[in-house]
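# Reading the structure
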Amino acid sequence: MSGLSVRNLNKSYGALRVTHDLSLDIHPGELHAIIGPNGAGKTTLITQLSGQSPSDSGEILFDGRDIMRLSMPERVHLGLARSFQITSILPKFTVLENVALAVQAKDGSSFRFFRAVAQEARLNARAMEFLAQVSLDQSADLPASALSHGDHRRLELAMALASEPKLLLLDEPLAGTGGQDAEALVDLLAAQKGRITIVLIEHDMGAVFSLADRISVLVYGEIIATGTPEEIRNNAAVRAAYLGDEEAEEIPC
Ligand SMILES: Nc1ncnc2c1ncn2[C@@H]1O[C@H](COP(=O)(O)OP(=O)(O)OP(=O)(O)O)[C@@H](O)[C@H]1O
């Protein structure tokens, strides 16, 4: 399992300084949530970590290796992957085919839609394992477009897991879900704890406080506190930062 060290990271959009001299340690194997008020810079930070958008300055070390200048595909190849918010599901393909393509991409082969029978069987068997992990194996033969929103999110998770990341960046995995769908997704994420390192951005505070080993709080591009859910819950600066934000009431007491 892999860890991430971020030192003095910066990013501006024009005159707007979004990530501000940010330092953060993600320990191998932990589920580390990053929370903060709207516009604090959470998604921007994730895009910087994934390599989707370049940083202005600072240092990002993945398992001790400097990855600042690596492209997003190069980071994925090392085992640092991002999921959610940007979906790559092919709606006309079956659920199984979508995951099989993710397995195939991980294997290093380019997307090929016509495969040797033996290779196809191996890919499908592997894909079924990931579908079973998210309890979608019963829907393997459905077109992805036929899935409910909650099942869509499960499929995205299966595809992310199929890329076998060492560290997974999850951006609002519960967005648009509620009730039983959200609970089921929380259970699926809980089941991944200890298997891979997870960095989680999520607005559902109940989910964050139940899932996270540690939480960092981002305000105006700076980390103002890092600690266990218990420590963050009792941190006066955190509560003050959320004052006037509707999520403040959601921080579990
Ligand atoms: N591509 C961009 N160009 C210009 N400004 C941007 C861009 N992306 C984000 N911003 C600005 O950067 C700031 C941080 O945005 P970001 O989306 O990272 O915050 P966030 O904490 O993820 O917000 P939310 O919780 O609302 O999703 C905001 O003021 C936003 O308007």
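No experiment lies behind these values; they were computed from the predicted model shown. (Residues numbered from 1 in each chain as written. Predicted model: local features only at pLDDT ≥ 70, side-chain atom pairs only at ≥ 80, totals over all residues.)

## Thoughts on the overall build of the protein
- A count of helices and strands for the protein gives 9 helices and 10 strands.
- Considering the protein as a whole, with its 253 residues, one finds that 37% of them fall into the buried category.
- Here the analysis covers contacts within the protein between residues at least 6 apart in sequence; of these, 68% occur between residues at least 24 apart. (Helix = DSSP H or I, 4+ residues; strand = E, 2+ residues; numbered from the N terminus. Buried ≥ 20, exposed ≤ 12 C-beta atoms within 10 Å, placed from the backbone. Contact = placed C-beta atoms within 7 Å.)

## Here's the deal with the domain arrangement of the protein
- As assigned here, the protein comprises domain 1 (1-79 + 165-253) and domain 2 (90-163).
- If you average the C-alpha positions of domain 1 and of domain 2, the two centres end up 27 Å apart.
- Residue-level contacts link 10 residues of domain 1 with 8 residues of domain 2.
- The biggest single contributor to the side of domain 1 that touches domain 2 is helix H6 (residues 179-192), with 4 residues.
- Classifying every residue of the side of domain 1 that touches domain 2 gives 7 nonpolar, 2 polar and 1 charged. (Domains from an automatic or database assignment. Nonpolar A, V, L, I, M, F, W, Y, C, P; charged D, E, K, R; others polar.)

## Quick word on helix H3 (residues 95-106)
- Along its 12 residues, H3 runs 17 Å from first to last C-alpha, staying within 8% of the 16 Å computed at 1.5 Å per residue.
- Within H3, 9 of the 12 residues are buried, leaving the element largely enclosed by the surrounding structure.
- Taken together, the buried positions of H3 are Val 95, Leu 96, Asn 98, Val 99, Ala 100, Leu 101, Ala 102, Val 103 and Gln 104. (Expected span 1.5 Å × (residues − 1).)

## With respect to the site of the ligand
- Every residue close to the ligand is listed here: Tyr 13, Leu 16, Val 18, Gly 36, Asn 38, Gly 39, Ala 40, Gly 41, Lys 42, Thr 43 and Thr 44.
- Where the shell around the ligand is concerned, the elements lending two or more residues are strand S2 (16-26) and helix H1 (42-50).
- In terms of residue count, H1 provides more of the shell around the ligand than any other element does, 3 residues in total.
- Residues that form the shell around the ligand fall into these classes: 4 nonpolar, 6 polar and 1 charged. (Near = placed C-beta within 6 Å.)

## Quick look at the environment of Thr 177
- Along the chain, Thr 177 falls in the loop between strand S7 (167-171) and H6.
- We classify Thr 177 as buried; it has 21 C-beta atoms within 10 Å.
- With 46 residues separating them in the primary sequence, Thr 177 and Leu 131 have C-alpha atoms 19 Å apart.
- Not counting the four nearest positions on each side in its chain, Thr 177 is found in contact with His 149, Gly 150, Arg 153, Ala 182 and Leu 185.

## Considering helix H5 (residues 149-162)
- The terminal C-alpha atoms of H5 lie 20 Å apart, and with 14 residues this matches the ideal 20 Å at 1.5 Å per residue to within 8%.
- Most of H5 sits out of view: 11 of its 14 residues are buried.
- Inspection of H5 places His 152, Arg 153, Arg 154, Leu 155, Glu 156, Leu 157, Ala 158, Met 159, Ala 160, Leu 161 and Ala 162 among the buried residues, and these make up the whole buried set.
- One or two residues past the end of H5 sits Glu 164, with phi positive at roughly 45 degrees.

## A short note on the environment of Thr 43
- Tracing the sequence through the fold places Thr 43 in helix H1.
- For Thr 43 and Arg 69, which are 26 residues apart along the polypeptide, the C-alpha to C-alpha distance reads 19 Å.
- Setting aside residues no more than four positions away along its own chain, Thr 43 makes contact with Asp 171 and Ile 201.

## With respect to the nonpolar core
- Core analysis: the largest hydrophobic core is formed by 63 residues, its most contacted members being Val 99, Ala 158 and Leu 200.
- Apart from residues lying up to four places away in sequence, Leu 200 is in contact with Leu 31, Ala 33, Leu 170, Val 208, Leu 211 and Ala 212. (Core = buried A, V, L, I, M, F, W, Y, C linked by C-beta atoms within 7 Å.)

## Quick word on the sheet that holds strand S9 (residues 214-219)
- Pairing within the open sheet is mixed, and its 6 strands lie in the order S6-S7-S8-S3-S9-S10. Bordering the open sheet on either side are strand S6 (80-83) and strand S10 (222-227), each of which pairs with just one other strand. Going from strand to strand, the sheet's axes swing by 20 degrees on average, the running direction of each strand aside.
- With 4 bridges joining them, strand S3 (residues 31-35) and S9 adopt parallel strand pairing. Across the sheet, Ala 33 pairs through a bridge with Ile 215, a residue of S9. (Pairing = 2+ DSSP bridges. Axes fitted to C-alpha atoms, helices over the stretch in contact; angles between N-to-C directions.)

## Considering the pairing of S10
- Sheet analysis places S9 next to S10, joined by 5 bridges and oriented antiparallel. By the bridge assignment, Ile 215 is partnered in S10 with Gly 227.
- Linking two consecutive strands that pair antiparallel, namely S9 and S10, is a turn of 2 residues; a positive phi of about 45 degrees is found at Tyr 220 within it.

## Examining the sheet that holds strand S5 (residues 65-66)
- Taken in spatial order, the 4 strands line up as S2-S1-S4-S5 in an open sheet, and their pairing is antiparallel. Two strands close off the open sheet at either side, each with one partner strand: S2 and S5.
- Pairing of strand S4 (residues 57-62) with S5 involves 2 bridges; the strand directions are antiparallel. Considered in S5, the bridge of Phe 62 is made with Arg 65.

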